[in-house]
Amino acid sequence: MSGYIFRRFAQSLVVLLLVTVIMFIMFHLLPGNPARAELGVKAQPAAVAAFDKLQGLNKPVWYQFWVYLDHLAHGNLGFSYVQNSTVAQLFAQRFPKTIILLALAYGVAVIAAIPLGIMQAVRRNKFDDYVLTGASFVLYSFPTFWLGIVLIEIFAISLHVLPPNAPETTSIGGIVSDWQGMVLPVMTLALVSIASYSRYMRSSMIDSLAQDYIRTAKAKGVTQRVILLRHALRNSLIPMATLIGLSIPAVLSGAIITESVFNYPGVGLLFIQSAESNDFSVLLGLTLVAAVGVIAGNLVADIGYAVLDPRIRY
Amino acid sequence: MADVVQGPEEGAEELDKEGLFPAAPAVASRALAPGAEPLSPQGVEGGAARPTGSMLRLTVVSFLENKLAVAGLGILVLLALFCFVGPHVYLTNQKTVNPVINNLGPTGSHLLGTDGEGFDILGRLMVAGQSSIEIGLAAGLLAAVFGTLYGAVSAVAGGFVDAIMMRIVDALFSVPALFLLILLAAIFSPNLPLMIVVISFISWLGPARLVRGEALSLRTREYVQAVKVAGGTQRRIVLRHIVPNTIGTIMVNTSFLIADSILLLAALSYLGLGLPDTTPTWGGMLSNGTEVIFDGYWWQLYPAGVAIVLTVVAFNFVGDALRDSLDVRLRRR
């Protein structure tokens, strides 16, 4: 087991290193040259020279890459000349808000998807299974932003029951007092995940229900309820636990869209605003952070899978 | 030199024809090659010999037996007619802005109303559909072709090269798609052809992994060994032997890729990083529609969204049905 964890960890480090190479290449693909892209087309030659010196751009490429890695190792994700702040600071300001949004959406999605999946597995190929399957198929094909805007149109504009904007404050207390504003963003992000999670839960539950130990339990007269909740559910949750780790990229992408639809000042909105203002250092820095999150998620999912299911050995 | 190679290669070709249509799938190697990941949906094979009839015919029959497949295909045919024949039947002005008739609700003369620039929305839906579907198709196909070749080459090369090529895929996979897409769109501010390249750059990773998984088991089969012994080049193994045998996986995956490409394009348009309004797309229409929802112009919000969902659902249906029918061919009877 520890050998597997060690190998998996080493593999993640290699992938992480390659991601930094990709980001480094992107940095050099910036329109014009990196200095002009970051500082603006009309930057003074002295400023350009200073930037080149700071990034080591007047040195050989391998040295530049070393400087880049050195900066990263010290938590330096770059400096935003547009916002006049370090990328790490900007990220730290926005990050708690995104975490709140993601945690709520994840929670709602899991709490809704598990019973839905169980129900579909039990009622397999019956009318309600078909309806739910159809609904999740359609939801899965929804552009996330359109889903959000349709929810705004229905609940905020036509019915006037919920506000169209997310809470603007950066404090957690502000979010709690303005909880109505969180309903639509969380719903948007959760609905898409519910569609795919419940599909996985359904097939994982169907697999469990086909096992021999379920037949044994039935034969010795265990009630349907206990079979479902004690015997089948626990084993079906193992793939779900890893799925949550593996769905981080999709959820992060969803967060960009949701935050921009509801004007929710998290990391996703920061990312979009930086794209609009050509603030490349923020774009590169945040993309790297997102990739680190995904790699960590994959690692935790793989190790979690091995821990939760002792039959699995690599 | 070429003549020397010619003889044995012809022989290998004969062997391959045997291998392409194995009489009983059970003969085909069931175990994956050592180190192969169980990624391929066709990794599990089994069952007895198939009844007579060509492989293609059986696939087509079981595809058409599937109601979802027929529904998906039907929707796609109707959409294609709507977008490509529609503008010749339902004539509207989609060239010049006409502020006098902007933001009109649905009426007899404008069935779905007009948008903020006075374009008829039904007509705009047709024209925008052309570019949305074309970009989706092109990006999906490009990603499938590149991903397939990459995966097959990686598996055939094996060893260190394979490890490096796959770690590159892992690294790109760990950057969330939308982050990478927005970054690329911001760096290149793409025009139409570049947009196709950028979108396919996001989505070639999936087919690369799938095809590599399958190619790892294919390359150990007897007919590939025979090509090697007969002196066939690696290029020949990849193009003539590995790729044709993964075509089922590729077809399934391509229909999902097309669906995803249409969604990615729409997301970019919404975020303001899409194509300029001179190339109307469904995503662009939606994006314009979302700006006026507080004015109550709901008819600008729904049509393009419904069109996107219909198209994506249809491609997903076709992909699902293709997967089922290819599976059935291997498992049933």
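Residues numbered from 1 in each chain as written. Chains lettered and ligands numbered in written order. Predicted model: local features only at pLDDT ≥ 70, side-chain atom pairs only at ≥ 80, totals over all residues.

## A word on the overall build of chain A
No. 1: Helix and strand counts for chain A come out as 14 helices and two strands.
No. 2: Looking at chain A residue by residue over its 314 residues, the buried ones come to 36%.
No. 3: Nonlocal contacts in chain A, meaning residues at least 24 apart in sequence, comprise 68% of its contacts between residues at least 6 apart. (Helix = DSSP H or I, 4+ residues; strand = E, 2+ residues; numbered from the N terminus. Buried ≥ 20, exposed ≤ 12 C-beta atoms within 10 Å, placed from the backbone. Contact = placed C-beta atoms within 7 Å.)

## Considering the overall build of chain B
No. 1: Within chain B one finds 13 helices and zero strands.
No. 2: Ordered by position from the N terminus, the helices and strands of chain B form the series α-α-α-α-α-α-α-α-α-α-α-α-α.
No. 3: Taking contacts inside chain B between residues at least 6 apart in sequence as the whole, the part at least 24 apart equals 74%.

## Regarding the environment of Gln120 of chain A
No. 1: Looking at the element boundaries, Gln120 of chain A is found in helix 5 (residues 87–122).
No. 2: In sequence terms Gln120 of chain A and Asp70 of chain A are 50 residues apart; their C-alpha atoms lie 52 Å from each other.

## Let's talk about helix 4 (residues 61–73) of chain A
No. 1: If you check helix 4 of chain A, its first and last C-alpha atoms are 18 Å apart, about what 13 residues at 1.5 Å a residue would give, namely 18 Å.
No. 2: With its phi angle positive at about 75 degrees, Gly75 of chain A sits one or two positions after the end of helix 4 of chain A. (Expected span 1.5 Å × (residues − 1).)

## Things to note about the packing of helix 11 (residues 224–246) of chain A against helix 14 (residues 280–308) of chain A
Residues and elements named next belong to chain A.
No. 1: At a closest axis distance of 7 Å, the pairing of helix 11 and helix 14 adopts a crossing angle of 170 degrees. On the basis of the axis angle, helix 11 is roughly antiparallel to helix 14. Residues Ile238, Ala241, Thr242, Gly245 and Leu246 of helix 11 pack against Gly297, Asn298, Val300, Ala301, Gly304, Tyr305 and Leu308 of helix 14.
No. 2: Counted by class, the contact of helix 11 with helix 14 contains seven nonpolar, five polar and no charged residues. (Axes fitted to C-alpha atoms, helices over the stretch in contact; angles between N-to-C directions. Parallel < 35°, antiparallel > 145°, perpendicular 65-115°, else oblique. Nonpolar A, V, L, I, M, F, W, Y, C, P; charged D, E, K, R; others polar.)

## Focus: the packing of helix 1 (residues 2–29) of chain A against helix 14 of chain A
Residue and element names in this part refer to chain A.
No. 1: At a closest axis distance of 10 Å, the pairing of helix 1 and helix 14 adopts a crossing angle of 165 degrees. Classified by the interaxial angle, the pair formed by helix 1 and helix 14 is roughly antiparallel. In this structure, helix 1 crosses over helix 14, and the sense of that crossing is right-handed. Here helix 1 contributes Tyr4, Ile5, Arg8, Phe9, Ser12, Val15, Leu16, Val19, Met23, Met26 and Phe27 to the contact with helix 14, which in turn contributes Leu284, Thr287, Leu288, Ala291, Val292, Ile295, Leu299, Asp302, Ile303 and Ala306.
No. 2: Class assignment for the residues of the contact of helix 1 with helix 14 results in 17 nonpolar, two polar and two charged. (Left-handed = near helix turned anticlockwise from the far one by under 90°.)

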